Amino acid sequence: MSKVLRWEDDAHVWSGPDYGDDNIRYHPSVKSAAVAGRIITCVDVVDWDGDGGRDLLLSSWDACYDGRVFLRQQIGVNADGTPILGKEELIEGVRGYVTAVPDGDVFHLVSASRMRKQIYLYPNIGTRGAPEFGAPVALDLDADWVKGNEFYHMARFVDIDGDGEKELVVGSDHWDDYWPNGLEWNDFGYRGYDAADRWLGGPLRAYLYVFKNKGSLAAPVLEKGYALKAGDTPLEVYGQLGPAFGKFDDGAPLVVAGEFWNILHVARQRDDGHFEPLRLIRDRDDNVLELDQCIHLPCVVDWDGDGKLDILVGAEDGYVTFLRNVGTGSDGLPRFEKVGRVETTEPLIHAGVLPSPAAHDFTGNGLPDLVVGNSTGELLFYENMGPAGNPSLGLERFIEAGGKPVRIAAGPTGSIQGPSEKMFGYSCPTVADWDGDGKADILFSDVHGYHRFLRNLGGEGTPRFAEEQLLTYGGKPLKTVWRVRPAVVDWQNDGQLHYLALDEEARLSDYRRASDTELVDKRFLRWEDGEIITFTEDVGGGRGRAKLCICDWEGQGRHDLIVGVNARATVPPKPGNAPRHTTKQAAIFYCRNVGTPDNPVFAAPIQMKHRGEYIAMAMHVASPEAVDWRGTGSLDLVVGVEDGTLVCLKREDLSW
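Residues numbered from 1 in each chain as written. Predicted model: local features only at pLDDT ≥ 70, side-chain atom pairs only at ≥ 80, totals over all residues. Heavy atoms only, no water.

The name an unreviewed UniProt entry gives the chain is Repeat domain-containing protein, with Aquamicrobium aerolatum DSM 21857 as the organism.

Below you can see the structure in the form of structure tokens.
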């Protein structure tokens, strides 16, 4: 088979304008919340300042927002022995998935990236307690690769052969066998499943390699590498291998391996330096321990100070999960309890990744609250705690439907991108009084392209909702392209609601509400030149993804359209158009309604600017919600940014 090209092969780094000054923040009453690790988080623990503490080092995917590296230092100890973490600090000049390399009184940083065929070693040119890092040393690797065309996912220096010298150990990332016929989700001719919902591609693959170091840790000189074995075959997991190592309860060296799916593997090292066959990590009741998302990058550390090694694991959703060591099973391997997300003082709002916000005053205090969907398929509720001119949010709470937290997941066959995405949900909510009872309901779409109605049951505090109902069209559940935030509008202000979504061909479609679940009278919405509105040149999984917002943006009594799109979108899909052929980053467009109440038509889209620069928000999407956020009488844009932040782009800073 010829080499499969992945989009990362010619990707650039999406670094965009900095919207940090516009981040929406927690209310001062929120003293602790989950650590915000951005998108696809790698975690390590290091004594950064030389005081013996357990400081948290967080890094992320360098294709998005420069893969910046952050530190939260330990400032105390919780009652359960875990560290109290302090404010977030940016580590300048370092990027990628980063781990620490202890070297006498100092430590270096080693960085892997799926975007480059090199490992970077950032040498520490500072002193104990005052680290300072020099320019990266690029390490070109040669190995007897198991598959070839493997990318580097995560690296550590560890004494794998017990000779007292640390080797470079690298987990790989291999996709060539995954895509059916070598075609990716946005290629013409791509077909992921057959008529029986069987995946037509192969598995994701990932392996673990060792490179003997004949130099120093600050200036490595690496020999040709070889693949570590688990049993009689190369150690392999399902994509994007993140390795960690430690001597657990019985003192035997173990490898902990993260992969793309929501599980971790463990194996005991043999005398020859290789490993026994991999086994799934289990809980105290001997059940497989399942994690909440995917793409897991672990580290091994005694996090609660009880003398036993635990596991911290970062993931795609940007959170870090603490797995407490609760003893040894009958097989001699450690067992773990999933304690939950690691928290910090001075927290930053993190709404998962790919957050999609919708605004409404659910609590009745005159301030708009937020309902936010995300890639994990959750719906989070943030209460607006004011003050009116500079709103801040209470701690997020999970929205429940029928008494259970909302969590949409693709499962093995639900994502057009294949079974690797079984944990993804891509919930995209909008808020409207859909059933006309005076209470705001939630309607949302997802990874499947289904559209769901949650009836508001009323009550104080976090809104309560009935069990979901699917919207239907033509007597069947409405199934459209995926990952689209729908919109609800009363075009003629006569009480007749319409539902806007992209249909199965990604055409902007208007459906009339006939009942709580039934949609009828589909029509296409059009540009002023008569063309049906679409937002991309792509096919397959490249379609959809748009975030629709209907509002009277200019206060002229019209129902205008604002839409957020991904970096590959083309609005409208003609040669040279933005953002695909211009900024190459997720963008927001304003589409003025120049039609009539019974026949809405939209002028050519205008790419919106913030402080004179085109809005540029990395790769996946910018998700806008038009709302009078500050009580000024005019609409601002609250935007979900793919790294999990929520920003308020003030109207006076916007141009169109």
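From this point, the narrative continues.
Below, the discussion takes up unusual backbone geometry. Omega for the peptide link from Val571 to Pro572 comes to -20°, which places this bond in the cis form. Topologically, Pro572 is positioned in the loop between strand 48 (560-565) and strand 49 (587-591). Of note, the bond from Ala578 into Pro579 is cis; its omega dihedral lies within 30 degrees of zero at -10°. Within the fold, Pro579 resides in the loop between strand 48 and strand 49. In this model, Ile295 sits at a positive phi of 55°, which is unusual for a non-glycine residue. Within the secondary structure, Ile295 is located in the loop between strand 20 (279-280) and strand 21 (297-301). With a phi angle near 55°, Leu354 is a residue other than glycine that sits in the positive phi range. (Helix = DSSP H or I, 4+ residues; strand = E, 2+ residues; numbered from the N terminus.)

Right, let's talk about the domain arrangement of the chain for a bit. One can read the domain layout of the chain as domain 1 (31-344) and domain 2 (428-655). With centres defined by C-alpha atoms, the gap from domain 1 to domain 2 works out at 38 Å. Facing the nine residues of domain 1 at the interface are 16 residues of domain 2. For the pair domain 1 and domain 2, the summed buried surface comes to about 1000 Å²; carbon and sulfur atoms form 65% of the total. Counting across the interface, domain 1 meets domain 2 through zero salt bridges. On inspection of domain 1 and its partner domain 2, the count reaches one residue pair in polar contact (both at pLDDT 80 or more). Among the residues making up the side of domain 1 that touches domain 2, the classes are represented as six nonpolar, one polar and two charged. (Domains from an automatic or database assignment. Contact = heavy atoms within 4.5 Å. Buried area = accessible area lost by both parts, 1.4 Å probe. Salt bridge = Lys/Arg side-chain N within 4 Å of Asp/Glu carboxyl O. Polar contact = N/O pair within 3.5 Å; in protein donor to acceptor, adjacent residues only side chain to side chain. Nonpolar A, V, L, I, M, F, W, Y, C, P; charged D, E, K, R; others polar.)

What follows is about the sheet that holds strand 5 (residues 83-95). Pairing in this open sheet of four strands is antiparallel, and the strands run 2-3-4-5 from one edge to the other. The strands lining the two open edges of the sheet, one partner per strand, are strand 2 (42-46) and strand 5. Between one strand axis and the next, the sheet turns through 25° on average, direction left out of account. The pairing of strand 2 with strand 3 (residues 55-59) spans five bridges and is antiparallel. Along strand 3, the bridge assignment pairs Val43 with Leu58. (Pairing = 2+ DSSP bridges. Axes fitted to C-alpha atoms, helices over the stretch in contact; angles between N-to-C directions.)

To continue, consider the sheet that holds strand 8 (residues 119-122). Sheets are built from strands paired through backbone hydrogen bonds, the pairs being either parallel or antiparallel. The four strands are arranged 6-7-8-9 in an open sheet whose pairing can be described as antiparallel. Each edge of the open sheet is held by one strand with a lone partner, namely strand 6 (97-103) and strand 9 (137-139). Strand after strand, the sheet turns through a mean of 25° between neighbouring axes, direction not considered. Examined bridge by bridge, strand 7 (residues 106-112) and strand 8 share three bridges and lie antiparallel to one another. Within the sheet, the bridge partner assigned to Leu109 lies in strand 8 and is Tyr122.

Turning to the pattern of salt bridges, a few remarks are in order. Summed over the entire model, instances satisfying the criterion amount to 49 salt bridges. Between Asp304 and Arg324 there is a salt bridge, and its shortest N-O distance comes to 3.2 Å. Of this pair, Asp304 sits in the loop between strand 21 and strand 22 (310-314) while Arg324 sits in strand 23 (residues 320-328), placing them 20 residues apart in sequence. Residue classification places Asp304 among the buried positions, given a relative accessible area of 7%. Judged by its relative accessible area of 19%, Arg324 falls in the buried class. Arg341 serves as the salt-bridge partner of Glu378, at 3.4 Å between the closest nitrogen and oxygen. Highlighted residues: Glu378 in the loop between strand 27 (369-373) and strand 28 (379-382) and Arg341 in strand 24 (residues 334-341), separated in sequence by 37 residues. By relative accessible area, Glu378 is classed as buried at 6%. Counted as one network, the salt bridges with shared partners bring together Asp80, Arg284, Asp304, Arg324 and Glu337. (Buried < 20%, exposed > 50% of the residue type's maximum accessible area, 1.4 Å probe, protein only.)

Here is a general trend for soluble globular proteins: nonpolar side chains tend to be buried in one another's company. Among the nonpolar cores identified, the biggest contains 46 residues, and Trp61, Phe260, Leu379, Ile399, Ile442 and Leu454 are the most heavily contacted of them. Those elements giving two or more residues to this core turn out to be strand 28 and strand 35 (441-445). No fewer than three residues from each of domain 1 (31-344) and domain 2 (428-655) sit in this core. Ignoring any residue separated from it by four or fewer positions in sequence, one finds Phe260 in contact with Trp175, Leu204, Tyr238, Gly239, Gln240, Cys294, Ile295, Ser420 and Phe424. One finds Ala487, Leu548, Val565 and Ala569 within the second-largest nonpolar core, a separate group that totals 26 residues. (Core = buried A, V, L, I, M, F, W, Y, C linked by side-chain atoms within 4.5 Å.)

Inspection of the secondary structure assignment puts Asp636 in strand 55 (residues 636-641). Side-chain polar atoms of Asp636 contact the side chain of Arg630, separated by 2.9 Å. Discounting residues that sit within four places of it in the chain, Asp636 has contacts with Trp553, Glu625, Ala626, Val627, Trp629, Arg630, Cys648, Leu649, Lys650 and Arg651.

Moving on to the environment of Val46. Tracing the chain through its elements places Val46 in strand 2. When its relative accessible area of 8% is taken as the criterion, Val46 is described as buried. Sequence spacing of Val46 and Val301 is 255 residues, and the spatial spacing of their C-alpha atoms is 9.6 Å. Once residues lying within four places of it in the same chain are set aside, the contact partners of Val46 are Gly53, Arg54, Asp55, Leu57, Ala100 and Phe107.

Within this structure, the stated rule accounts for 26 aromatic pairs. Centroid distance Trp145 to Tyr209: 4.8 Å. Interplanar angle 70°. Geometry classified as edge-to-face. With a gap of 64 residues between them, Trp145 in the loop between strand 9 and strand 10 (151-158) and Tyr209 in strand 12 (residues 206-211) connect regions that are remote in the sequence. A relative accessible area of 29% places Trp145 in the partly exposed class. In textbook terms, an aromatic cluster arises when at least three aromatic residues are bridged by ring pairs, as seen for Trp175, Tyr178, Trp179, Tyr190, Tyr193, Trp199 and Phe260. Residue placement shows Arg38 over the ring face of Phe70; its charged tip is 3.9 Å from the ring centre. (Phe/Tyr/Trp six-rings, centres within 6.5 Å; stacked < 30°, edge-to-face > 60°. Lys NZ or Arg CZ within 6 Å of the ring centre and 35° of its normal.)

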